[in-house]
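Descriptive structure summary
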Amino acid sequence: MNDYRNERESMVKNQIKARGIKDKRVLQAMKSVPRHLFLPAEARKYAYGDSPIRIGSGQTISQPYIVALMTELLEVHDDHRVLDVGTGSGYQAAILAELAAEVHSIERHTALAERAEETLKNLGYDQVHVHIGDGTKGYPSASPYDRIIVAASAPKVPGPLLNQLADGGRLVLPVGSRFSQHLEIWDREGEDFRKSSSIPVVFVPLIGDQGWEE
Ligand code: SAH
């Protein structure tokens, strides 16, 4: 069976390193996680292409470069506890699991959450816990989190996510209109929150109490 090792190597070299991602742990994680196994069988051959891919329920897995960029911006350490909002295929959660101590991942579509949970379990990612629910409210029972990442776009940063950040914590998410956004990086120091902005992006909408209406 094709393990796509060569495709993964060239994805990291041509799409990720070539565009300026330098963090060695991020590059290693992107080389290690078998992205094709997070996709429906008929889409596996496209897994290492330079684009987002449909994963069912009207959702997409992000382009590899965007996963790498957001993960690099997140600056994950190996003792961190991380919240991943918008589990989708579970791929981003697996990348985080390569870098952190514990990952909580929350998804509003039951079918996607169940499939992602099974994929992650089959690959031995026991440090990832998948939850079903509205991630715009975070996942309070396992908070605070050292890092929070959101893979769907919000009209503005959801307050509950800022509240569930640990002191010294960081949140990375796309914020903007329904059709175009910028990546925002929020850092917490005590009760102070500092925001900076990164590149323009296009994500599927974050739907829920502190997001968009369905
Ligand atoms: N990180 C994913 C990308 C998923 S796309 C991956 O690696 O495959 C964004 C996901 O966010 C979709 O699956 C969508 O259903 C989910 N989503 C949208 N609004 C949400 C909400 N309020 N809470 C949890 N998940 C949400």
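Residues numbered from 1 in each chain as written. Predicted model: local features only at pLDDT ≥ 70, side-chain atom pairs only at ≥ 80, totals over all residues. Heavy atoms only, no water.

1. Some remarks on the site of the ligand
As a matter of local geometry, the ligand sits amid 24 residues, with Ser89, Glu107, Asp134, Gly135 and Ile207 nearest to it. A distance of 2.7 Å separates an oxygen atom of the ligand from a polar side-chain atom of Glu107. Between Arg108 and the ligand, the recorded distance is 3.3 Å, taken from a backbone N or O atom to a nitrogen atom. Compared with its free state, where it exposes 580 Å², the ligand has 99% of that area covered by protein. (Near = heavy atom within 4 Å. Polar contact = N/O pair within 3.5 Å; in protein donor to acceptor, adjacent residues only side chain to side chain. Areas by Shrake-Rupley, 256 points an atom, 1.4 Å probe, with all protein chains shown as cover.)

2. Looking at the nonpolar core
Ile21, Met30, Tyr91, Leu120 and Val128 are the most contacted members of the largest nonpolar core, which totals 49 residues. Where this core is concerned, the elements lending two or more residues are helix 1 (5–17), helix 2 (24–32), strand 1 (53–56), helix 3 (64–74), helix 4 (91–99), helix 5 (110–122), strand 5 (128–132) and strand 8 (181–189). If one sorts the elements of this core by residue count, helix 3 sits on top with eight residues. If we skip the residues at most four places from it in the chain, Val128 touches Ala93, Ala97, Val103, Ser105 and Leu120. Of all hydrophobic cores here, the second largest spans 18 residues; its members include Leu83, Ile106, Val150 and Val157. (Core = buried A, V, L, I, M, F, W, Y, C linked by side-chain atoms within 4.5 Å. Buried < 20%, exposed > 50% of the residue type's maximum accessible area, 1.4 Å probe, protein only. Helix = DSSP H or I, 4+ residues; strand = E, 2+ residues; numbered from the N terminus. Contact = heavy atoms within 4.5 Å.)

3. Here's the deal with the packing of helix 2 against helix 4
Two elements in contact, helix 2 and helix 4, have axes separated by 9 Å at closest approach and are oriented at 130°. In this view, helix 2 runs oblique relative to helix 4, as classed from their interaxial angle. Seen along the crossing, helix 2 lies across helix 4 with a hand that is right-handed. Packed against helix 2, whose contacting residues are Arg25, Val26, Ala29, Met30 and Ser32, the element helix 4 presents Tyr91, Ile95, Glu98 and Leu99 at the interface. Residue composition of the contact of helix 2 with helix 4, grouped by class: six nonpolar, one polar and two charged. (Axes fitted to C-alpha atoms, helices over the stretch in contact; angles between N-to-C directions. Parallel < 35°, antiparallel > 145°, perpendicular 65-115°, else oblique. Left-handed = near helix turned anticlockwise from the far one by under 90°. Nonpolar A, V, L, I, M, F, W, Y, C, P; charged D, E, K, R; others polar.)

4. Considering the environment of Ser105
Considering the arrangement of structural elements, one finds Ser105 in strand 4 (residues 102–107). Residue classification places Ser105 among the buried positions, given a relative accessible area of 0%. Note: C-alpha distance between Ser105 and Val128 (23 residues apart in sequence) is 7.1 Å. Once residues within four sequence positions are removed from consideration, Ser105 is found in contact with Asp84, Thr87, Ala93, Val128, His129, Val130 and His131. Among the polar contacts listed, one links the side chain of Ser105 to the side chain of Thr87, at a separation of 2.7 Å.

5. A short note on the side chain of Thr136
In this fold, Thr136 is placed in the loop between strand 5 and strand 6 (145–150). Among the polar contacts listed, one links the side chain of Thr136 to the backbone nitrogen of Asp209, at a separation of 3.4 Å. Setting aside anything within four residues of it in sequence, one finds Thr136 in contact with Pro158, Pro160, Leu161, Leu206, Ile207, Gly208, Asp209, Gln210 and Gly211.

6. Quick notes on the pairing of strand 3 (residues 81–85)
Burial analysis of strand 3 places four of its five residues in the buried class, the great majority of the element. When strand 3 meets strand 4, the two strands line up parallel, connected through five bridges. Directly across from Asp84, in strand 4, lies its bridge partner Ser105. Strand direction decides the pairing type here: strand 3 and strand 6, joined by four bridges, are parallel. When the bridges of strand 6 are listed, Val82 appears paired with Arg147. (Pairing = 2+ DSSP bridges.)

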